[in-house]
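# Notes for the structure review
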Amino acid sequence: MSRITTAFQKLNGRKALIPYITAGDPNLETTLETMHEMAANGADIIELGIPFSDPMADGPVIQRAAERALDNGVSLKNVLETVRRFRERDNDTPVVLMGYLNPIHKMGNTEFARAAAEAGVDGVLTVDNPVETISPLQQELQKHGLDAIFLVAPTTSEERMAEIGRLASGFVYYVSLKGVTGSAQLNTDEVEAKIAVLRRHISLPIGVGFGISDAESARKIGAVADAVIVGSRIVKEIENNAGSEAKAVGALVKSLKQAVEAV
């Protein structure tokens, strides 16, 4: 059983909080410290972004984070090494890598899956690798005990939802709006209606991300989803708190967790 499945089972119906940061922003040591702060302050699963030069699904906040990491020379191998170091102190909190196919393709599906599993990664989400093309990577992830996390968009058809339900493991990530990360047009009623449709085809926990920016929006989404995923708001905290990034993120995660727990 994967750490992700175990994490949801331990919640026993309570809602999970999944914060996102970009690995290497502003540097790898701060990333490691921030991961531990997030876990200590209530993160149920950590989503760690692989920096990429053309992050098509991400808004300006996460784009800038990726640029800062790439300027530091951060590579996929560095990201995996950071997860390995995280595991030296924390063997329980699941870590999901979120990114784009290009860096994985350069490493090779087999080598990536092996290295990720050895480092202590639990799941992988590739934004630009849809159900039609994911089979080679998904098979390698499955072989090495890693969960394949899929995105579902507001425009996803029910036929496609069913296919995602067949291939996915761990949880499914529902993108709450049409647009990039950091957008603010969150409509909880629309999210609730779409989740009801998703549950007809997907038995896994459903996490919702994009547009969740504070405790109130986290609470509202927590009322209808299994997990609340927060990215841009947390990355902005890193950007705005040079020198005290980890503590600032820890405080924000704590407030978000309290909101989710109140559901």
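The name given to the chain in an unreviewed UniProt entry is Tryptophan synthase alpha chain, with Neisseria elongata subsp. glycolytica ATCC 29315 as the source organism. The Sequence similarities (unreviewed entry) comment attached to the chain in UniProt states, word for word, "Belongs to the TrpA family." The annotation that UniProt attaches to the chain under Pathway (unreviewed entry) is "Amino-acid biosynthesis; L-tryptophan biosynthesis; L-tryptophan from chorismate: step 5/5."

Turning our attention to the packing of aromatic side chains. For the coordinates displayed, the defined rule picks out 3 aromatic pairs. Ring geometry for Phe8 and Phe171: centres 6.2 Å apart, planes at 55°, overall tilted. With Phe8 in helix H1 (residues 3–11) and Phe171 in the loop between helix H8 (158–167) and strand S7 (172–175), this residue pair connects regions lying 163 residues apart in the sequence. Accessibility assignment for this pair places Phe8 and Phe171 in one class, buried.

Note that soluble globular proteins tend to have their nonpolar side chains buried in a common cluster. Within the largest apolar cluster, 64 residues are counted, with the highest numbers of intra-cluster contacts made by Leu48, Leu80, Leu97 and Phe112. Those residues within four positions of Leu97 in sequence are excluded, and the remaining contacts are Leu48, Ile50, Val79, Leu80, Val83, Phe112, Val121, Gly123, Val124 and Leu125. Residues Val61, Ile62, Ala65 and Ala227 belong to the second largest nonpolar core, which totals 22 residues.

We now examine the side chain of His36. Of note, His36 is situated in helix H2 (residues 28–40). Not counting residues up to four positions away in its chain, the partners in contact with His36 are Phe86, Arg89 and Asp90.

Moving on: the packing of helix H10 (residues 215–222) against helix H12 (residues 245–261). The description of two packed helices rests on the angle between their axes and on the distance between the axes. Running from amino to carboxyl end, H10 crosses H12 at an angle of 35°, the nearest separation of the two axes being 8 Å. The two elements H10 and H12 meet at a crossing, and its hand is right-handed. For the pair H10 and H12, contact is made by Ala215, Ala218 and Arg219 and by Ser255, Leu256, Ala259 and Val260, respectively.

Looking at H8, one finds that the buried residues are Met161, Ile164 and Leu167. Relative to the axis of H8, the buried residues are bounded by an arc of 130° and lie together on one face. Within H8, the exposed residues directed more than 90 degrees away from the buried face are Glu159 and Arg166. Where the residues of H8 are buried, they touch helix H7 (135–143), strand S6 (150–152), S7 and helix H9 (188–198).

Attention shifts here to unusual backbone geometry. Trans peptide bonds make up most of the peptide bonds, and negative phi angles are found at most residues other than glycine. Look at the link from Asp25 to Pro26: it is a cis peptide, with omega at 0°. Here Pro26 is to be found in the loop between strand S1 (16–22) and H2. Backbone geometry places Asn12, a non-glycine residue, at a positive phi of 50°. Residue position: Asn12 is located in the loop between H1 and S1. With phi around 80°, Phe210 is a residue other than glycine that occupies positive phi space. Inspection of the secondary structure puts Phe210 in the loop between strand S8 (206–209) and H10. The buried category is assigned to Phe210, whose relative accessible area is 8%.

Pairing is parallel in the open sheet, where 9 strands are placed in the order S5-S4-S3-S2-S1-S9-S8-S7-S6. Strand pairing shows two members of the sheet lacking a second neighbour, strand S5 (147–148) and S6, which therefore form its edges. Pairing analysis gives 4 bridges linking S7 to S8, with the strands arranged parallel. Across the sheet, the residue bridging to Tyr174 is Val208, located in S8. Contacts between H1 and the sheet are confined to S1, strand S3 (95–99), strand S4 (123–126), S5 and strand S9 (227–230), with S1 contributing the most and set at about 140° to the helix.

What counts and how
Residues numbered from 1 in each chain as written. Predicted model: local features only at pLDDT ≥ 70, side-chain atom pairs only at ≥ 80, totals over all residues. Heavy atoms only, no water. UniProt positions renumbered as here; feature names shortened; annotations may be inferred. Phe/Tyr/Trp six-rings, centres within 6.5 Å; stacked < 30°, edge-to-face > 60°. Helix = DSSP H or I, 4+ residues; strand = E, 2+ residues; numbered from the N terminus. Buried < 20%, exposed > 50% of the residue type's maximum accessible area, 1.4 Å probe, protein only. Core = buried A, V, L, I, M, F, W, Y, C linked by side-chain atoms within 4.5 Å. Contact = heavy atoms within 4.5 Å. Axes fitted to C-alpha atoms, helices over the stretch in contact; angles between N-to-C directions. Left-handed = near helix turned anticlockwise from the far one by under 90°. Arc of directions from axis to C-beta. Pairing = 2+ DSSP bridges.

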